[in-house]
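Each chain, written out:
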Amino acid sequence: MSSTRCSLGIVVAASWLAMGCATVTRGSIEEVVIESDPPGAQAIVYPVGVEVETPGTALLDRGQDYTVSITLDGYQPESAKLHRQTTGSELGNILLGGLPGMLADSSSGANLQFVPNPMRFALKPLVPPERDPDAPPLHSLHFYNTGNYSTDGSGGISIAIDGKYVGRIDLKQSLHVEVEPGPHTLKLEHTDVLHFVDEYEIEVAEPRTLFEVWIRITSTAYQPLDAPPEWAKPLGPVSPSAAGSEAGAEDEPDDQEPGEGQR
């Protein structure tokens, strides 16, 4: 009798594993956090039409990618892509569930996760705030995502300066921000199979500073650049008269989507 119960237990356990580890433990629905600076913006998730007031959470099926558009009175509208990437659960399926488990997870989307999550927007005012005429000119920082080891190939990197989120750039995309001269804390984040956060102390002394950022296997790194990468548009001369402004070509690549630098 006990031998029969033991055999039945093995069969049930094997069937559970074959269903797919991620399908059982994660399901096909994911909570996506949407934030904005400032808060109180209206976000709409397309094509499903889910509406969220920031900060808020949207329950989304992992069966497809989405576009999130966000609006707030007095600020420029933004939109960004919400992508899917693998979670690394395939290894567990190979060891435990085998091919049936992999198929179950793939069909349900349980082996995927949304990136970026949380999804952040740094909104720009329609009318820039006035600066103190006696304040020192702002200095320009240009970030270029030059390479990655990410599983999905996008290599998205989120950037914050002094604790304030300023944007997210995928592979071969750039971001331009303006800061006060002096020391700053640079925080770089990316999500692969795991989530990595790295902080660096930087000194901004020149009117324009260029950095390349890239994903390493266990961290997100940066280093100064002498010139933009070949794939980026050239930069014009720094304007000597306007505080923090630059003349000439924009530094965003031709194929960058609206709002890519603000994800």
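Note that the coordinates shown come from a computational prediction; the quantities given were computed from them, not determined experimentally.

> So what's going on with the packing of aromatic side chains? Residues and values would help.
Between two aromatic rings, the relevant description is the distance of the centres plus the angle of the planes. One pass over the full model with this rule turns up five aromatic pairs. Through a chain of ring-to-ring contacts, the aromatic side chains of Phe143, Tyr200, Phe211 and Tyr222 assemble into a single cluster.

> Any chance you could break down the sheet that holds strand E14 (residues 195–204) for me, citing the residues and the numbers?
Strand order in the open sheet made by the four strands is E11-E10-E13-E14, with antiparallel pairing throughout. Because the sheet does not close on itself, it has two edges, and the strands there are strand E11 (164–169) and E14. Neighbour-to-neighbour, the strand axes of this sheet turn through a mean angle of 25°, independent of strand direction. Bridge analysis of strand E10 (residues 157–161) against strand E13 (residues 182–191) gives four bridges, and the strand direction is antiparallel. By the bridge assignment, alanine 160 is partnered in E13 with lysine 187.

> How would you sum up the confidence of the model for the chain? Please name residues and give values.
Scored by pLDDT, the chain comes out at a mean of 79, with 71% of its residues at no less than 70. Taken together, the stretch residues 1–20 has pLDDT below 50 and engages in 16 contacts with residues farther than four places along the chain or on a different chain. Low pLDDT, under 50, characterises residues 241–263; the predicted model gives this stretch 75 contacts beyond four residues in sequence or across chains.

> Tell me about the nonpolar core, and name the residues and values.
Ranked by size, the top nonpolar core spans 18 residues in total, and within it Ile34, Val45, Leu60, Val68, Leu82 and Phe121 carry the most contacts. At the level of elements, strand E1 (29–37), strand E2 (42–46), strand E4 (56–61), strand E5 (66–71), strand E6 (78–86) and strand E8 (119–122) are the ones that each hand at least two residues to this core. Leu141, Ile157, Ile169 and Val179 belong to the second largest nonpolar core, which has 17 residues in total.

> Could you give an account of the side chain of arginine 168, with specific residues and numbers?
Positionally, arginine 168 belongs in strand E11. Arginine 168 gets classed as buried once you look at its relative accessible area, which sits at 5%. At 3.0 Å, the side chain of arginine 168 forms a polar contact with the side chain of aspartate 170.

> Account for the sheet that holds strand E9 (residues 139–147), with residues named and values stated.
Strand order in the open sheet formed by four strands is E12-E9-E15-E16, with mixed pairing between adjacent strands. A single partner strand is all that each edge strand has here, and the edge strands are strand E12 (174–179) and strand E16 (220–225). Adjacent strand axes in the sheet meet at a mean angle of 25° when their direction is disregarded. Of the strand pairs in this sheet, E9 and E12 are connected by six bridges, and their pairing is antiparallel.

> I'd like a rundown of the pairing of strand E7 (residues 112–115), residues and numbers included.
Side chains Leu112 and Phe114 of E7 all project onto a buried face; the interleaved residues Gln113 and Val115 project onto the opposite face, where all are buried too. Bridge count between E6 and E7: four bridges; the pairing is antiparallel. Bridge pairing links threonine 86 to leucine 112 in E7.

> Lay out the pattern of salt bridges with the relevant residues and their values.
Tallying each qualifying case throughout the model produces eight salt bridges. The residue glutamate 189 makes a salt bridge to lysine 187 at a minimum N-O spacing of 3.9 Å. A relative accessible area of 25% places lysine 187 in the partly exposed class. The structure contains a network of salt bridges with shared partners spanning Glu35, Arg120, Lys187 and Glu189.

> I'd like a rundown of unusual backbone geometry, residues and numbers included.
At the junction of aspartate 37 and proline 38, the peptide bond is cis and its omega measures out at 5° in the coordinates. Mapped onto the secondary structure, proline 38 falls in the loop between E1 and E2. Between threonine 54 and the following residue, proline 55, the backbone shows a cis peptide bond with an omega angle of -5°. Tracing the sequence through the fold places proline 55 in the loop between strand E3 (50–53) and E4. The residue aspartate 162 is not glycine, and still its phi comes out positive at about 55°. Here the phi dihedral of lysine 172 falls at roughly 60°; this positive angle occurs in a residue that is not glycine. Inspection of the secondary structure assignment puts lysine 172 in the loop between E11 and E12.

Rules of the game
Residues numbered from 1 in each chain as written. Predicted model: local features only at pLDDT ≥ 70, side-chain atom pairs only at ≥ 80, totals over all residues. Heavy atoms only, no water. Phe/Tyr/Trp six-rings, centres within 6.5 Å; stacked < 30°, edge-to-face > 60°. Pairing = 2+ DSSP bridges. Helix = DSSP H or I, 4+ residues; strand = E, 2+ residues; numbered from the N terminus. Axes fitted to C-alpha atoms, helices over the stretch in contact; angles between N-to-C directions. pLDDT = per-residue confidence, 0-100. Contact = heavy atoms within 4.5 Å. Core = buried A, V, L, I, M, F, W, Y, C linked by side-chain atoms within 4.5 Å. Buried < 20%, exposed > 50% of the residue type's maximum accessible area, 1.4 Å probe, protein only. Polar contact = N/O pair within 3.5 Å; in protein donor to acceptor, adjacent residues only side chain to side chain. Salt bridge = Lys/Arg side-chain N within 4 Å of Asp/Glu carboxyl O.

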